[in-house]
Amino acid sequence: MSIVSQLKSVRATLPAGVELVAVSKTHLAEAIAEAYGAGQRLFGESRPQELRVKYETLPRDIVWHMIGHLQTNKVRMIAPFVALIHSVDSARLAETIQKEAARCGRVIDILLEIHVAQEETKTGWAWDELRAWLAGDPLAAMPNVRVRGVMGIATHTDDEAVVRRDFETLRSRFEALRPRFGEAFDTLSMGMSDDYPTAVACGSTMVRVGSLIFGARDYSLK
Ligand SMILES: *Cc1c(COP(=O)(O)O)cnc(C)c1O
């Protein structure tokens, strides 16, 4: 199956109001150009260097999302152009994004990544730590950061009940945080190639689909 036909079949399964982030990490510009030719404008990457190079070489109307774990010393590389950072999982990272966004005169949209999976290695805030951090109203000192919602990754398992439970937890965290942030807090990023239909059934507004569109990656990335 071609990238274009895969893209179309994924799109056909998404209800109105659910955005598709085409996760192009590790894939070459030609693959992205194919998806672009079929009308896809929203792409997700997980390595800052790779994201930067693709931003510089591909069409300017592409909307780039950073979806992978982000080190604070790499924020500067993507701050001038990134449209949404999905993976904000520490106070230090949020503070760095504030600093770099201010430096380039932008407001950068972010999602709070919340840990729900059973694997300990998965990134994201523990719910209690996130709540404790937010209790101090840290965003009041971050005028260049706008919190748009929540992102999460479900446990990697064939057990659909476990995956569903993880997504339902994310949905309830999203609902719990919503009153604090108001109108702009409208994005629940959850669902990947293997589990996005379940995520959509649980209220996802943004799915991040890579291998189902572009095929298997040459090397594996978290
Ligand atoms: C790589 C990646 C995806 C896409 O994974 P696929 O299984 O290829 O769809 C989604 N979200 C994050 C955070 C990723 O790192």
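Look up: the structure comes first, before these words.
What counts and how
- Residues numbered from 1 in each chain as written.
- Predicted model: local features only at pLDDT ≥ 70, side-chain atom pairs only at ≥ 80, totals over all residues.
- Heavy atoms only, no water.
- Helix = DSSP H or I, 4+ residues; strand = E, 2+ residues; numbered from the N terminus.
- Rg over C-alpha atoms; globule rule 2.2 N^0.38 Å.
- Buried < 20%, exposed > 50% of the residue type's maximum accessible area, 1.4 Å probe, protein only.
- Contact = heavy atoms within 4.5 Å.
- Areas by Shrake-Rupley, 256 points an atom, 1.4 Å probe, with all protein chains shown as cover.
- Lys, Arg positive; Asp, Glu negative; His and termini not counted.
- Charge placed at Lys NZ, Arg CZ, Asp CG, Glu CD.
- Phe/Tyr/Trp six-rings, centres within 6.5 Å; stacked < 30°, edge-to-face > 60°.
- Lys NZ or Arg CZ within 6 Å of the ring centre and 35° of its normal.
- Polar contact = N/O pair within 3.5 Å; in protein donor to acceptor, adjacent residues only side chain to side chain.
- Arc of directions from axis to C-beta.
- Near = heavy atom within 4 Å.
- Nonpolar A, V, L, I, M, F, W, Y, C, P; charged D, E, K, R; others polar.
- Core = buried A, V, L, I, M, F, W, Y, C linked by side-chain atoms within 4.5 Å.

### Quick look at the overall build of the protein chain
1) Next: When helices and strands are tallied, the protein chain shows nine helices and eight strands.
2) Next: In summary, the protein chain has a C-alpha radius of gyration of 17 Å against a globular reference of 17 Å for 222 residues, a match within 12%.
3) Next: With respect to the three principal axes, the spread of C-alpha positions in the protein chain is 50 × 45 × 30 Å.
4) Next: Scored against the burial criterion, the 222 residues of the protein chain give a buried share of 51%.
5) Next: Taking as baseline every contact in the protein chain between residues at least 6 positions apart, the subset at least 24 positions apart corresponds to 59%.
6) Next: Accessible surface for the protein chain amounts to roughly 10,400 Å². Of this, 50% is attributable to carbon and sulfur atoms.
7) Next: In the protein chain, which carries 27 positive and 28 negative side-chain charges, the distance between the mean positions of the two groups comes to 5 Å.

### A word on the packing of aromatic side chains
The geometry of an aromatic ring pair is captured by the separation of the ring centres together with the interplanar angle, meaning the angle of the planes.
1) Next: Tallied over the full model, the rule gives five aromatic pairs.
2) Next: Both rings, one in Trp125 and one in Trp133, keep their centres 5.0 Å apart while their planes meet at 20°; by these two values the pair is stacked. For the pair shown, Trp125 and Trp133 are each scored as buried.
3) Next: Geometrically, the ring pair formed by Phe174 and Phe185 is stacked, given 5.2 Å between the ring centres and 15° between the ring planes. Taken as a pair, Phe174 in helix α7 (residues 160-181) and Phe185 in the loop between α7 and β7 (187-189) lie far apart in primary sequence, eleven residues in all. There is no split in this pair, since Phe174 and Phe185 are both buried.
4) Next: Joined through ring pairs, the aromatic side chains of Phe174, Phe181 and Phe185 make up one cluster.
5) Next: Above the plane of the ring of Tyr36 lies Arg41, whose end atom (NZ or CZ) is 3.5 Å from the centre.

### So, the side chain of His86
1) Next: The residue His86 is located in strand β4 (residues 84-88) in this model.
2) Next: For His86, the side chain forms a polar contact with the side chain of Ser189, separated by 3.0 Å.
3) Next: The residues touching His86, leaving out its near neighbours within four places in the chain, are Val21, His65, Met66, Ile67, Leu111, Glu113, Met151, Ser189, Met206 and Arg208.

### So, helix α6 (residues 127-135)
1) Next: All of the buried residues in α6 are Trp127, Leu130, Trp133 and Leu134. One face of α6 carries all of its buried residues, which in axial projection span an arc of 130°. Away from its buried face by more than 90 degrees, α6 exposes Asp128, Glu129, Ala132 and Ala135.
2) Next: Asp137, located one to two residues past α6, shows a positive phi value of around 50°.

### Remarks on the site of the ligand
1) Next: By nearness alone, twelve residues border the ligand, and Lys25, Ser193, Gly210, Ser211 and Arg217 come closest of all.
2) Next: Between the ligand and Arg208 there is a distance of 2.8 Å, counted from a nitrogen atom to a side-chain nitrogen or oxygen.
3) Next: For the ligand, whose accessible area on its own is 390 Å², the fraction buried by protein is 94%.
4) Next: Class assignment for the residues of the shell around the ligand results in five nonpolar, three polar and four charged.

### A closer look at the nonpolar core
1) Next: Counting residues in each nonpolar core, the largest one holds 61 residues, and the members touching the most others are Ile85, Ile97, Ile110, Leu130, Trp133, Leu177 and Ile213.
2) Next: Top contributing element to this core by residue count: α7, with five residues.
3) Next: Sequence-distant contacts of Ile110, defined by excluding residues within four places in its chain, comprise Leu84, Ile85, Val88, Ile97, Val145, Arg146, Val147, Arg148 and Gly149.
4) Next: Formed by eight residues, the second largest nonpolar core is a distinct cluster that contains Val23, Leu42, Ile67 and Leu111.

Scope: geometric values only; no functional claims are made or implied.
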